[in-house]
Protein chains: 2
Amino acid sequence: MIVPIQLENSGSVQYDVTIDRLPTLVFNTKVAVITNPTISAYHLEKLLSKIECSDLHVVTIPDGEEYKNLETIERILNELFGKKLDRKSHLIAFGGGVIGDMTGFTASLYQRGIKFTQIPTTLLSQVDASVGGKTGVNNSFGKNLIGAFYQPTAVYIDTDFLKTLPKREFSAGVAEIVKMAVMFDKSYFEYLETVDFTDKECLERVIQRSVELKAEVVNQDEKEAGIRAVLNYGHTFAHVVENETAYKTYLHGEAVAIGIVMANTLAHELNLIDIEEMQRVKDLLVKHALPVDYIIKDVDAFYDKFFLDKKSANNKIKFILPNGLGHFKVRDNIDEALVKKVLKSFSKDK
Amino acid sequence: MIVPIQLENSGSVQYDVTIDRLPTLVFNTKVAVITNPTISAYHLEKLLSKIECSDLHVVTIPDGEEYKNLETIERILNELFGKKLDRKSHLIAFGGGVIGDMTGFTASLYQRGIKFTQIPTTLLSQVDASVGGKTGVNNSFGKNLIGAFYQPTAVYIDTDFLKTLPKREFSAGVAEIVKMAVMFDKSYFEYLETVDFTDKECLERVIQRSVELKAEVVNQDEKEAGIRAVLNYGHTFAHVVENETAYKTYLHGEAVAIGIVMANTLAHELNLIDIEEMQRVKDLLVKHALPVDYIIKDVDAFYDKFFLDKKSANNKIKFILPNGLGHFKVRDNIDEALVKKVLKSFSKDK
């Protein structure tokens, strides 16, 4: 199945997200695959057997968020210049979100922009990172603070690559799927409550719907001026959780699961979601072995960290909240005391 | 006077190039001025007196092409994060082409893109670098190999800043002006032959026409897929001259002057321009104290270096040649022997 992506606002960019067995990819240019040792050990041979091109290179970068920085980007760029890639050359991102973000960013920078294809190999990157064109790296001030909006020319999602994905990472992807359902589509949420994720066809349908929903949002708001912020549901809290735990305790999707539960608690205080709906979301997260508890040690310190987030323009915190299942509300005027009351319910002295 | 820039192809980006005394600039956001010690010593006080904003910062980076690299970009980014600029903050490029290219590039990267204004202070950057959205840095493989296409929200050209510009740098800017005239507008060329560049109003008119011509080209071809390549007239040769002299002997505009003469010689071999027109171009360059001679030591080595240029996709050299004054021809099928004959005429054994 194919989900067509069309971005009206930036010169009518168009590309397809293909959810299927990876087809043979034919290029009449130089191609460089950017990957990491983990995914290449399992799947590089298969990938290379599917690429036809005039000259093929593989650039391997270390696996892990801690290498997602400008230094690694410069290393990749130097390798590509060393291999004499030109303006018509093509990059292929082969890995999870880190590889996708860094390959897209590198493609945007190389001679001011060459084409790239995404082949995401984690559930998280298949449903989330491969659509939307957000590319970039971290620095000492935070995650994804440096980057570009840059769209791939094609995305291929092959669920066979997920067979070697650790169970915990699979679940982390489910958190982003739940996020999309709660924000935008109640019947999709209900489908998620019953579906068997181990069935290939069902999983493809789950991914398809998530990609479709994200594509709709991105189509409306490529540069995140408005509605795209809704994709940060759960993330305002998650970023602080990740920061407090030095990005070591939780996978991003796990922190998002905690953040979703926190956001729902705040939404409930504002009468936007009832107890029963809140519980259904929590149950779905728990069913996928996602964490839903987190002990906040210092409520004031946690609150202050909201302002480190790059989305907090002009010192206002924008909370993305569910408004029943399948709908959302964006609020940037919530009383500090109320937010702290919610945070307190996650602390030891609740 | 105002030259409106409209880029149809990328989401209808629009901004104005204002050629006049610098007006008071009012922002309701944080602002950071990026500049270098040379220009700030002369003009920073004047600039700061013209900016009204909520919070004003100045980031000073070392003057010179050798600092135009990713390391400096990372340093600027870190300073801006340290000053807590947010997504609504605004950068101002205050300096020549290096400052403009790096400020635009930084703006494109900061939280995936914040706004920036160009206030170019050299003739070269006023006529050339401030229009077109090419931003970026050099690396060990060559110039401007890493970057982004990113447009400013406004450009202010105040010729008063040129009063402290060294004469040699002023002339380097004239080379790019001559380039535009030869490629696109014979009557403009004739105006240049007679005009007094020291007269403020005349100089403004000269700059205006050059900006207009460049804007027309960029409007048609923002991402350099076609006609924009014509702006590289003289540059194919100039890049090799700069490379051979390690970027130390000539200012970029001076190398372009040499490159224009070389390109014209090749054009003459192809019967595209006659001796008299060739001489008029040379005379105009010489009148502005620009170099028009260069001794090629090794013709074969010089020829091979054409292929290092990032515009040489698929191992073809694209030559941009005048076709009489005011018109151009793009040729990528010129016989190697003919090119080498022309190069030889610039060598000692001519």
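Residues numbered from 1 in each chain as written. Chains lettered and ligands numbered in written order. Predicted model: local features only at pLDDT ≥ 70, side-chain atom pairs only at ≥ 80, totals over all residues. Heavy atoms only, no water.

**Re helix H2 (residues 70-82) of chain B**
Residue and element names in this part refer to chain B.
Link 1 in the chain: For H2, spanning 13 residues, the distance from its first C-alpha to its last is 18 Å, which sits close to the expected 18 Å at 1.5 Å a residue.
Link 2 in the chain: Within H2, the full set of buried residues consists of Leu-70, Thr-72, Ile-73, Ile-76, Leu-77, Leu-80 and Phe-81.
Link 3 in the chain: Of the residues one or two after H2, Lys-84 is the one with positive phi, at around 60 degrees. (Helix = DSSP H or I, 4+ residues; strand = E, 2+ residues; numbered from the N terminus. Expected span 1.5 Å × (residues − 1). Buried < 20%, exposed > 50% of the residue type's maximum accessible area, 1.4 Å probe, protein only.)

**Considerations on the domain arrangement of chain A**
Accessible area lost when the parts come together is the quantity often used to give the size of an interface.
Residue and element names in this part refer to chain A.
Link 1 in the chain: By domain assignment, chain A separates into domain 1 (2-163) and domain 2 (167-344).
Link 2 in the chain: Each partner contributes to the interface: domain 1 provides 29 residues, whereas domain 2 provides 29 residues.
Link 3 in the chain: A combined buried area of about 2,600 Å² lies between domain 1 and domain 2, and 62% of that area is made up of carbon and sulfur atoms.
Link 4 in the chain: Counting across the domain 1 and domain 2 interface gives four salt bridges.
Link 5 in the chain: When the shortest N-O distance is used, the salt bridge between Lys-214 and Asp-128 registers 3.4 Å.
Link 6 in the chain: Our count for the domain 1 to domain 2 interface comes out at seven residue pairs in polar contact (both at pLDDT 80 or more).
Link 7 in the chain: Broken down by secondary-structure element, the contributors of at least two residues to the side of domain 1 that touches domain 2 are strand S1 (2-7), strand S2 (13-19), helix H4 (123-129) and strand S10 (142-149). (Domains from an automatic or database assignment. Contact = heavy atoms within 4.5 Å. Buried area = accessible area lost by both parts, 1.4 Å probe. Salt bridge = Lys/Arg side-chain N within 4 Å of Asp/Glu carboxyl O. Polar contact = N/O pair within 3.5 Å; in protein donor to acceptor, adjacent residues only side chain to side chain.)

**Here we look at the sheet that holds strand S11 (residues 154-157) of chain A**
All names here are of chain A.
Link 1 in the chain: Reading across from one edge, S1-S2-S11-S8-S7-S4-S6 is the order of the seven strands in this open sheet, with mixed pairing throughout. Edge positions in the open sheet fall to S1 and strand S6 (55-60), since each of these has one partner strand only. The sheet shows a mean angle of 15 degrees between the axes of neighbouring strands, direction not considered.
Link 2 in the chain: Summarising the sheet, strand S4 (residues 30-35) and strand S7 (residues 90-95) pair through five bridges and their orientation is parallel. Looking at the pairing, Ala-32 lines up with Leu-91 of S7.
Link 3 in the chain: Lying on the sheet, helix H2 (residues 70-82) is in contact with S4, S6 and S7; it crosses S6 at an angle near 155 degrees. (Pairing = 2+ DSSP bridges. Axes fitted to C-alpha atoms, helices over the stretch in contact; angles between N-to-C directions.)

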